[in-house]
Amino acid sequence: MAENGTDCDQRRIGMIKEQHNGNFTDSSLLNERKRRDREERLNILLWRQPLVTLQYFFLETLINLKEWTIKLWHRRSILVSFLLTLAVLTATYYIEGTHQQYVRYMEKKFFWCAYWVGLGILSSVGLGTGLHTFLLYLGPHIASVTLAAYECNSVNFPEPPYPDQIICPDEETIEGSISLWAIISKVRLEACMWGAGTAIGELPPYFMARAARLSGAEPDDEEYQEFEEMLEHAETAQDFASRAKLAVQNLVQKVGFFGILACASIPNPLFDLAGITCGHFLVPFWTFFGATLIGKAIIKMHIQASTTPPLGLWGEDKLFVIITFSKHIVEQMVSLIGAIPSIGPSLQKPFQEYLEAQRIKLHHKSDSGVPQGENWLSWMFEKLVIVMVCYFILSIINSMAQSYAKRLQQKMYSEEKTK
């Protein structure tokens, strides 16, 4: 497979050099024009060219809707089957009967799982700048469950209101009876669904590289171009980053399924390169996606508790979150904050107030006369989430506007070649 890939790469590089003639006989002029066009696209931003950006965004949206409509029409048999299934499920949902209790249960589980899968997709799909949904949603959820479990000495939170609200069960529990495994089991579904979403979000680089290899076209994608340059200069690579990328590429290419599984199972910022490598070397879809799904949704979500803090933060490890927010470590961190000279006590107070407010809520004491004013830590985190989501939406608008500008530039290239 490696020899065939090398031959194909050499032929493709030759085709790229030969296909530009007329006004673009000099390859240096062509590269310079591509660089200027890319810089021009990157300047299409809402805060620099608002009217142009919004116009291009709406035009790109209309083009995408048209393309998706055509694709659905070509697959109308699948669409009709989906609509019939949806009609049957809708009828089942509204018809009264003893089955309604199971319908309500399945509805709750389906939307809960879809919520976390969707957040996982947003985290890795590459829309705009990407949304760090582990730090904003899954991590805080795991931390809340961990704090509640140690405070209640149980994970049998009443449903409802869990998961919308966590309160301690009425049953008496023994101090210190909660275990790490019990907390892991409580958040396993959410973590695995989020991991499955991140696996789905890794598919675009794979499909892009696969389509480029099969068609012989050269996509204007920086990561893919970097991958091709890496293949051309593989023997002369000296710096650590290039060697690391080559190691990932060689592992995936030579080991196959288990190489992909290894890359997906550990915190790995270069995994996009694994997807591009698999697509470029025409690795079968289920080999790539199966290994990615197992690695991200199962193994990576259950990394051993000996994970070090930097690795846990880097790899979005739920075990690190659980250990960090265990009761004794939280108390130690709060006490260490108070030991900071001069500003320690003033910083420590809001943390203590927040933890005390959470304990009151867990024990049904929201009406016990204790002031329930909003803590500034909660206020800051809510505003941080809003700012990051807004920036994520703005980045999608900018990205789609730049995609439309790219269409215009490609159309200009085609018109110049036909002259």
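Quick caveat: nothing in here was measured; it's all calculated off a predicted structure.

**Brief notes about the state of the cysteines**
Applying the stated rule across the entire model yields one disulfide. One disulfide bridge connects cysteine 152 with cysteine 168, the sulfur atoms lying 1.7 Å from each other. Since a negative S-S torsion denotes a left-handed disulfide, the cysteine 152-cysteine 168 link at about -70 degrees is left-handed. Of this pair, cysteine 152 sits in helix α6 (residues 133-152) while cysteine 168 sits in the loop between α6 and α7 (180-186), and the two are 16 residues apart along the sequence. Since its relative accessible area comes to 4%, cysteine 168 is described here as buried.

**Details of the packing of helix α8 (residues 188-201) against helix α9 (residues 203-215)**
For the pair α8 and α9, the least separation of the axes is 5 Å and the interaxial angle reads 20 degrees. Between α8 and α9, the angle is such that the two are roughly parallel. Note on element contacts: α9 touches α8 through Leu203, Pro204 and Pro205, opposite Ala199, Ile200 and Gly201.

**Some points on the confidence of the model for the protein**
On average, the protein scores 75 in pLDDT, and the residues at 70 or more come to 72%. Taking the mean pLDDT of every element in the protein, the minimum, 39, falls on helix α15 (residues 309-315) and the maximum, 91, on helix α3 (residues 50-74). Residue range residues 15-25 is modelled with pLDDT below 50. Its contacts to residues more than four positions away, or to other chains, number seven contacts. Counted against residues more than four places away or in other chains, residues 365-371, with its pLDDT under 50, gives five contacts.

Basis of the calculations
Residues numbered from 1 in each chain as written. Predicted model: local features only at pLDDT ≥ 70, side-chain atom pairs only at ≥ 80, totals over all residues. Heavy atoms only, no water. Disulfide = S-S within 2.5 Å. Helix = DSSP H or I, 4+ residues; strand = E, 2+ residues; numbered from the N terminus. Buried < 20%, exposed > 50% of the residue type's maximum accessible area, 1.4 Å probe, protein only. Axes fitted to C-alpha atoms, helices over the stretch in contact; angles between N-to-C directions. Parallel < 35°, antiparallel > 145°, perpendicular 65-115°, else oblique. Contact = heavy atoms within 4.5 Å. pLDDT = per-residue confidence, 0-100.

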